[in-house]
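# Structure at a glance
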Amino acid sequence: MSKIIYIAGLGHSGSTILDMSLGTIPGVVGVGELKTLMDDHSRNKHYTSVCSCGKPATECVVWEKVPEIMQGKENDPEKIEAFLAHLKYISGESVTMVDSSKNSYQYLRYLHENHDLKMIFLTRDVRSWSYSRYLSTGKPILYFLVRWYLENLKLKVRIRKMGIPFLKVGYEELSLYPEHLMKKITRYAAIPYDPSVLTPGNTGSHIISGNVARTDQQKRAAWLYDSRWMLSWRMMLLSPIVTFLHGKNKKYVYSNIMTGSMKDFHLFGTRRKEALSKTHN
């Protein structure tokens, strides 16, 4: 049985940077979207990529022998076990693997039933995610607002049907309060916290299938927030629709920094200020 931290959620929600951050902790290795790399055709497309370790996939200590290891394996369970054995050979028997394969349900069920699985349900603010996807694809923002709601709901229902415990984490929480959230994630995953998680570029992860941010030295330097949506007039016009999604957005994305009300908001809540004022003023 292997220990696996699994990052589920929509694509483009910050899973690559979270994967890299966790990979800075000794004994933890992120491998990106492993499920995608089980398929020979998909894997071959990614083998033209540069790994987060800085080497081409064909020269990376983790990935260079994977095609050979996968040869003759007919189903995902066989492939998963072969890869885990390979990773343990390289990184040690006690290695914790971070897998950001997102929403692959049968694959996820297998991991849950056969390994020590810790799941993180990662969600990005509906406004930020929808606007980012609009900029990337040109499709209407409204389409992505609806998709955000339906796909996150589907994921939550499927996970609960499988009986898999999970920790909800928001991309905004991580970007704005990385130390607070990474301490919570490491406690949940039962791995030691290390301040190195605040510098994803120092990762020991080997990611060839995630966001290209894995090779961007500025984005690797620290947790940074993509705030482009705040300046968009399109998002302003869609505010009435976003209001309809406000409750879900708050519940999915900000649950770890809101303990009850805006007065309790992490670091900036009025109750915190009042308590400090009574002590120090």
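The structure this text deals with has already been given above.
Position labels on residues start from 1 in each chain and follow its written sequence. Per-residue local features of the predicted model are confined to residues with pLDDT of at least 70, and side-chain atom pairs are confined, for both listing and counting, to 80 or more; whole-chain, interface and lining totals are unaffected and use all residues. The side-chain quantities take in all heavy atoms of the structure and omit both hydrogens and water.

## Digging into a nonpolar patch on the surface
Defined as follows: Surface patches are defined over residues having more than 30% relative accessible area and no salt bridge, joining like charges when they lie within 9 Å and nonpolar side chains (Val, Leu, Ile, Met, Phe, Trp, Tyr) when within 5 Å. In short, Shrake-Rupley with a 1.4 Å probe defines the accessible areas, and a residue's cover is counted only from the protein chains shown. Salt bridges are identified by distance alone: a Lys or Arg side-chain nitrogen within 4 Å of an Asp or Glu carboxyl oxygen. Secondary structure elements are taken from DSSP: a helix is a run of H or I of four residues or more, a strand is a run of E of two residues or more, and numbering for both begins at the N terminus. Here the term buried applies to any residue with accessible area under 20% of the maximum for its type, exposed to any over 50%, and partly exposed to those in between, with areas from a 1.4 Å probe on protein chains only.
A grouping of L142, V146, L150 and I241 is seen on the molecular surface, where their side chains present a nonpolar patch of about 320 Å² in accessible area. Examining the composition of the nonpolar patch, we find that three residues originate from one element, helix α7 (residues 141-161), more than from any other. Structurally, L142 is set in helix α7. Judged by its relative accessible area of 41%, L142 falls in the partly exposed class.

## Some remarks on a positive patch on the surface
Where we set the bar: Positive charges come from Lys and Arg, negative ones from Asp and Glu, while His and the chain ends are left out of the count. By convention, the charge on Lys lies at NZ, on Arg at CZ, on Asp at CG and on Glu at CD.
Together, R109, K154, R158 and K161 line one region of the surface with positive charge. Here the element with the most residues in the positive patch is α7; it accounts for three residues. In this fold, K161 is placed in helix α7. Look at K161 and you get exposed, because its relative accessible area is 70%.

## A look at helix α4 (residues 76-91)
Applied cut-off: One less than the residue count of a helix, multiplied by 1.5 Å, gives the span that helix is expected to have. When checking whether two residues touch, look at their non-hydrogen atoms; a contact exists if any pair is within 4.5 Å. Think of a polar contact as two N or O atoms within 3.5 Å of one another; within protein, one of them needs to be a possible hydrogen donor and the other a possible acceptor, and neighboring residues in sequence only count if both atoms come from side chains.
Between the first and last C-alpha of α4 there are 22 Å, a value that for 16 residues agrees with the 22 Å anticipated at 1.5 Å per step. For α4, the full list of buried residues reads K79, I80, A82, F83, L84, H86, L87 and K88. In this fold, the buried residues of α4 make contact with β1 (3-8), β2 (28-30), α3 (66-70), β3 (96-99) and α5 (105-114). Structurally, the start of α4 carries an N-cap: the backbone nitrogen of E78 is 3.0 Å from a side-chain oxygen of N75.

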